[in-house]
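The primary structure of each chain is shown beneath.
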Amino acid sequence: MHFIAVDGGGSGCRAVFADGSGRVIGRGESGPANIASDYDEARHHIFTAIETAMGTIDAREIRAVLGLAGANHAPAAEALAADLPFPARVVQDVTTSVRGALGPEDGIVAAIGTGSFFARQLDGQQYAIGGWGLRLGDEGSGAWIGRALGMRAGRALDGFCPVTPLLRELLEEMDGRNGLIAFSLDATPADWARFAPRILQSTDPAAVAVREAAQAEIRAAIALLQPEEPLPVTWLGGLGQGLALGDWPQRAAKGNALDGALALAMEDAFWTS
């Protein structure tokens, strides 16, 4: 038996090919692999990464687990699984990220980057919240934080709160009210998220207010997931440590999403569940 593990998202795709003991014998990388936003492009990049990882090895017995952004869109996930020439399970990247971070242990994951999601693993079962994207959620994420600063700048111009030095700086960069409106009409989550590091590093009252609001959202999400006996929290993502809360014990991640996908591919119970 050989195993294939894939981690694919909006910025790229990685794959590993492992032998029966789990030893990685091939690796491959390719481009964006969000199967919900662009299925054809994602499929191409996923196949490219897998083929690169396998090389010329002819392995007849293969199990594969693909943790992909957009796999919560069931038709796309089912189509890709059916398209692969070996048994494969296509799951959300949340599933593989949590397994990689926690291994088989109980715990909570708070993943905060451009977007955000929160998940609990307890007695081998995962439960995730968030991950709705900026239009519907992504509370506490970099994009949410950046947009909150833009909203506060608008409210300051309307007189609801002071125009602090940070808000004045932002409005000057945007060329005032009209520029802020124009930016908001076309801004992607990544566009908003580029303001997040500045907010996290600033002592400006507007930055403090936005940061406290983000942490309140994060605290509420983790509290919702905590059982009666609190679990340790593992913080992931580019902003995870910068927004980490001291309310619960912290535990470092054991591995990444690719590690999680490989562990699941090798786990017999995952295929019979």
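Analysis parameters
Residues numbered from 1 in each chain as written. Predicted model: local features only at pLDDT ≥ 70, side-chain atom pairs only at ≥ 80, totals over all residues. Heavy atoms only, no water. Salt bridge = Lys/Arg side-chain N within 4 Å of Asp/Glu carboxyl O. Helix = DSSP H or I, 4+ residues; strand = E, 2+ residues; numbered from the N terminus. Buried < 20%, exposed > 50% of the residue type's maximum accessible area, 1.4 Å probe, protein only. Pairing = 2+ DSSP bridges. Axes fitted to C-alpha atoms, helices over the stretch in contact; angles between N-to-C directions. Contact = heavy atoms within 4.5 Å. Core = buried A, V, L, I, M, F, W, Y, C linked by side-chain atoms within 4.5 Å. Right-handed = clockwise from strand over helix to strand, strands pointing away. Parallel < 35°, antiparallel > 145°, perpendicular 65-115°, else oblique. Nonpolar A, V, L, I, M, F, W, Y, C, P; charged D, E, K, R; others polar.

Draft legend 1. Representation of the pattern of salt bridges within the structure. Under the criterion given, the structure shown has 10 salt bridges. Two residues, Glu169 and Arg198, come together in a salt bridge whose shortest N-O distance is 2.9 Å. Pair noted here: Glu169 is in helix α5 (residues 165-174) and Arg198 is in helix α8 (residues 196-201), with a separation of 29 residues, a long-range link. Residue Arg198 is classed as partly exposed on the basis of its relative accessible area, which comes to 27%. Within this structure, Glu105, Arg251 and Lys254 form a network of salt bridges that share partners.

Draft legend 2. Molecular detail of the sheet that holds strand β7 (residues 116-122). One open sheet holds the 4 strands; their spatial order is β8-β7-β6-β9, and the pairing between them is mixed. For this open sheet the edge positions go to β8 (125-130) and β9 (233-236), each flanked by a neighbour on one side alone. Geometrically, the sheet is characterised by an average inter-axis angle of 20° between neighbouring strands, direction not taken into account. In the sheet, β7 pairs with β8 via 6 bridges, with the strands oriented antiparallel. Bridge pairing in β8 places Phe118 opposite Ile129. Helix-sheet contacts for helix α3 (residues 93-102) involve β6 (107-112), β7, β8 and β9, and the interaxial angle to β7 is about 60°. Contacts from helix α9 (residues 205-225) reach β6, β7, β8 and β9, with the element oriented near 20° to β7.

Draft legend 3. Quick peek at the nonpolar core. The biggest cluster of nonpolar side chains holds 41 residues, and the ones touching the most others in it are Phe118, Ile145, Leu149, Ile218, Ile222 and Trp235. Among the elements that take part in this core, α9 stands out by supplying 8 residues, more than any other. Those residues in contact with Phe118, other than ones at most four positions away along the chain, are Val109, Ala110, Tyr127, Ala128, Ile129, Glu139, Ile218, Ala221, Ile222 and Leu225. The next biggest cluster of nonpolar side chains, apart from the first, holds 26 residues, and it includes Val6, Ile35, Leu66 and Ala71.

Draft legend 4. Up close: the pairing of strand β5 (residues 88-92). Relative to β5, strand β4 (residues 62-68) runs parallel, the two sharing 5 bridges. Note on β5: the bridge partner recorded for Ala64 is Ala88. Each parallel crossover has a hand, and for β4 linked through helix α2 (residues 74-83) to β5 it is right-handed.

Draft legend 5. Seen up close, the packing of helix α4 (residues 142-158) against α5. In the contact formed by α4 and α5, the axes pass within 10 Å of each other and the chain directions differ by 100°. Taken together, α4 and α5 sit at an angle that is classed as roughly perpendicular. Seen from α4, the contacting residues are Leu149, Gly150, Arg152, Ala153, Ala156 and Leu157; seen from α5, they are Leu166, Leu167, Leu170 and Leu171. Considering only residue class, the contact of α4 with α5 consists of 8 nonpolar, 1 polar and 1 charged.

Draft legend 6. The arrangement of unusual backbone geometry in detail. One non-glycine residue, Asp123, lies in positive phi territory at about 55°. Inspection of the secondary structure puts Asp123 in the loop between β7 and β8. Look at Asp123 and you get exposed, because its relative accessible area is 64%. Notably, Asp138 is not glycine yet its phi reads approximately 60°, a positive angle. Within the fold, Asp138 resides in the loop between β8 and α4. For Asp138, a relative accessible area of 8% translates into the label buried.

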